[in-house]
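Chain by chain, the residues:
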Amino acid sequence: MICTGCACLCDDIELENGKVHNACIKGVALIKKAQNTHFTPVADGRKVDGEKAIDEAITKIQNSENFAIYGLDTVPLRAQQIAIDIAKKTEGYIDDASSLCMGVFVEEILLERIKSTTLEEVRDRADFTLYWGADPFNSHPRHISRFTYYPRGQFRQKGWEEDRYLAVVDIRESYTSKLAKKIIMVENDEEFIQSLIDVANGNTPSAYLRDAVELITRIKKSEFGVMFGGLGLRYGLSDIGLLKNLLDELNNLTEFYFIPMGCHPNMRGFNELLFASVGELNSYSFRDGIRDSTFSFSSLLTKEQIDTILIVGADPVASLPFEIASKIAKANVILLDPCPSYTSKIADVVIPTSVSGIGAGGEMIRIDGKKIKFEAHSLEEITDEYVLKRIEEAI
Amino acid sequence: MIVTRDVFHSEVRETDKESDSYIELSATLYMREEDMKKFDLGDGDVVEITSTANNNSLRVSVKNSNEAPPGKAMMVNSILVNQLVSIENLKRFKAKIKKVGGNVTRPEDIMAKFERK
Ligand code: SF4
């Protein structure tokens, strides 16, 4: 079976007599939680059955004048597509976490302005791997062992000992950096990007001279390089064009790719579906027919512009800055989620749904763009797809 | 200050968000030893952090860690640290710290501030 604990979407997980094999501790915790959680549907403070909770959600959506859908990054593609259809039918807003994290990178990839590759290609061919502002040891625990540094790949049979070079650029010594052959601690990501561009062009940079020369020398020696950009890079960049310039320069030196380090298992799936539907990745208003940062979920909350929110598989009460999260409680909140969360504490309607990969089968698009299919392991709970379909048919 | 992820925190977040270990990992401020000395802090001291981004405060327990960036402090991403960040920069912000003693802030203290419609 598959683990949907992070964007690695590990497909070698085995469940045997309640024991989880091969997953990391984060994956084990998710799979065990899926088996043991008893979460009750709620409508306006009363415990109800699932169908009644769905009816209540439908009524709230039908009565809404300014409706938004948020989350969706942990549910399969079919559920995401139905949510997009609901947003369209209601002329509502739709957004996911990518507007605050990896969307800016995914957009460059979908528009083919940045060259990307698959994790299997990295496993088989990469001899230079750079994590920039990412700590997979903690965020994607099996990324390093399954895809980048430790595996024996088709053309990298000598693995990390001889065939692979791992470098980390970060503001600190992370756990991942302790595994690397080179760590470069930077205060200012853009300054270091500029230094690398300068060295790649044969110029002397104004900062980070030794580190930039060492890294560029390594990249020149490599046959297949890849940079994994995490949230540290995302928030260290005010201009995506600078990263694009660097990647262009590195491609003049060797074959070089970029993969975002998104955490959510199907964030890219949502981005690709919305892109196929309206040509935009996130923060979309079906009423206005455009994407704009003012239609991001956080902006809509800030301006108190929505009266009803359908949240699917996300916990924005915990994950957004307090000033914004605190506004969620001012709207009607309908939550679809497998487990209790901080958002479920303030939601008007709570509909427990199955964990993707355990109670729900389907497809997801991994952060590198590869489509991953998976079967449901057990079929006892209602799925996000079922609930969303019921809503979509009723409105 | 910077905001990071921690796999053990992710594990307990999946298991039990009300558990003591979740609260302990969420309400910890990691600093390097040399930086703790500058503020006359020891392991387990409770400090009040006030964000210059929004003036919100939290009480957290200090812990020595070499994974913290030099001259800075670090917290794991959770409902607690999200009291202090702004939407413009979810991962780095400036804050003041002051040794106060007492108990750390708990998620329920934050939930109590949510005003219902
Ligand atoms: S690395 Fe991610 S997908 Fe793989 S087992 Fe761990 S949490 Fe699950």
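Residues numbered from 1 in each chain as written. Chains lettered and ligands numbered in written order. Predicted model: local features only at pLDDT ≥ 70, side-chain atom pairs only at ≥ 80, totals over all residues. Heavy atoms only, no water.

A separate point is the site of the ligand. All names here are of chain A. Taken together, the neighbourhood of the ligand is formed by Cys3, Gly5, Cys6, Cys8, Leu9, Cys10, Ala23, Cys24, Gly27, Pro141 and Arg142. Its atoms largely coinciding with the cavity grid, the ligand occupies the second largest cavity. Counted by class, the shell around the ligand contains eight nonpolar, two polar and one charged residues. (Near = heavy atom within 4 Å. 1 Å grid on protein atoms, 1.4 Å probe; cavity = no way out; pocket = protein on both sides within 12 Å on 5 of 7 lines; lining within 4 Å. Sits in = over half its atoms within 2 Å of the grid points. Nonpolar A, V, L, I, M, F, W, Y, C, P; charged D, E, K, R; others polar.)

The next point concerns the nonpolar core. When a protein is soluble and globular, its nonpolar side chains tend to lie buried together. Trp132, Met227 and Ile328 of chain A together with Leu29 of chain B are the most contacted members of the largest nonpolar core, which has 135 residues in total. Two domains share this core, each providing at least three of its residues, namely domain 1 (40–99 + 265–394) and domain 2 (103–260) of chain A. Those residues in contact with Leu29 of chain B, other than ones at most four positions away along the chain, are Met1, Val47, Ile49, Val60, Ser61, Val62, Lys63, Ala73, Met74, Met75 and Ile97 of chain B. Formed by 34 residues, the second largest nonpolar core is a distinct cluster that contains Ile61, Ile69, Leu72 and Ile86 of chain A. (Core = buried A, V, L, I, M, F, W, Y, C linked by side-chain atoms within 4.5 Å. Buried < 20%, exposed > 50% of the residue type's maximum accessible area, 1.4 Å probe, protein only. Domains from an automatic or database assignment. Contact = heavy atoms within 4.5 Å.)

Moving on, we get to the pairing of strand β3 (residues 46–51) of chain B. Residue and element names in this part refer to chain B. Most of β3 is tucked away, with five of its six residues classed as buried. In terms of strand pairing, β3 meets strand β4 (residues 57–64) through five bridges, oriented antiparallel. Paired with Val46 across the bridge in β4 is Ser61. Turn length for the β3-β4 hairpin, with the two strands adjacent in sequence and antiparallel, is five residues, and the turn residue Asn55 shows positive phi of about 70°. (Helix = DSSP H or I, 4+ residues; strand = E, 2+ residues; numbered from the N terminus. Pairing = 2+ DSSP bridges.)

Right, let's talk about the pairing of strand β14 (residues 308–312) of chain A for a bit. Residues and elements named next belong to chain A. The element β14 is largely enclosed, with a buried count of five among its five residues. Alternating positions in β14 separate into two faces, Thr308, Leu310 and Val312 on one and Ile309 and Ile311 on the other, with burial throughout. The pairing of β14 with strand β15 (residues 332–337) spans five bridges and is classified as parallel. Bridge pairing links Leu310 to Ile334 in β15.

Residue and element names in this part refer to chain A. Partitioning chain A into structural domains gives domain 1 (40–99 + 265–394) and domain 2 (103–260). A separation of 33 Å is found between the C-alpha centroids of domain 1 and domain 2. Taken together, the contact between domain 1 and domain 2 spans 14 residues of the former and 14 residues of the latter. Between domain 1 and domain 2, the buried area comes to about 1,100 Å², and carbon and sulfur atoms account for 60% of it. A salt bridge links Arg366 to Glu120, with the nearest nitrogen and oxygen atoms 2.6 Å apart. In this structure, the connection of domain 1 to domain 2 is made through five residue pairs in polar contact (both at pLDDT 80 or more). Counting residues per element, the side of domain 1 that touches domain 2 draws most heavily on helix α14 (residues 267–278), at five residues. Here the side of domain 1 that touches domain 2 is composed, by residue class, of four nonpolar, four polar and six charged. (Buried area = accessible area lost by both parts, 1.4 Å probe. Salt bridge = Lys/Arg side-chain N within 4 Å of Asp/Glu carboxyl O. Polar contact = N/O pair within 3.5 Å; in protein donor to acceptor, adjacent residues only side chain to side chain.)

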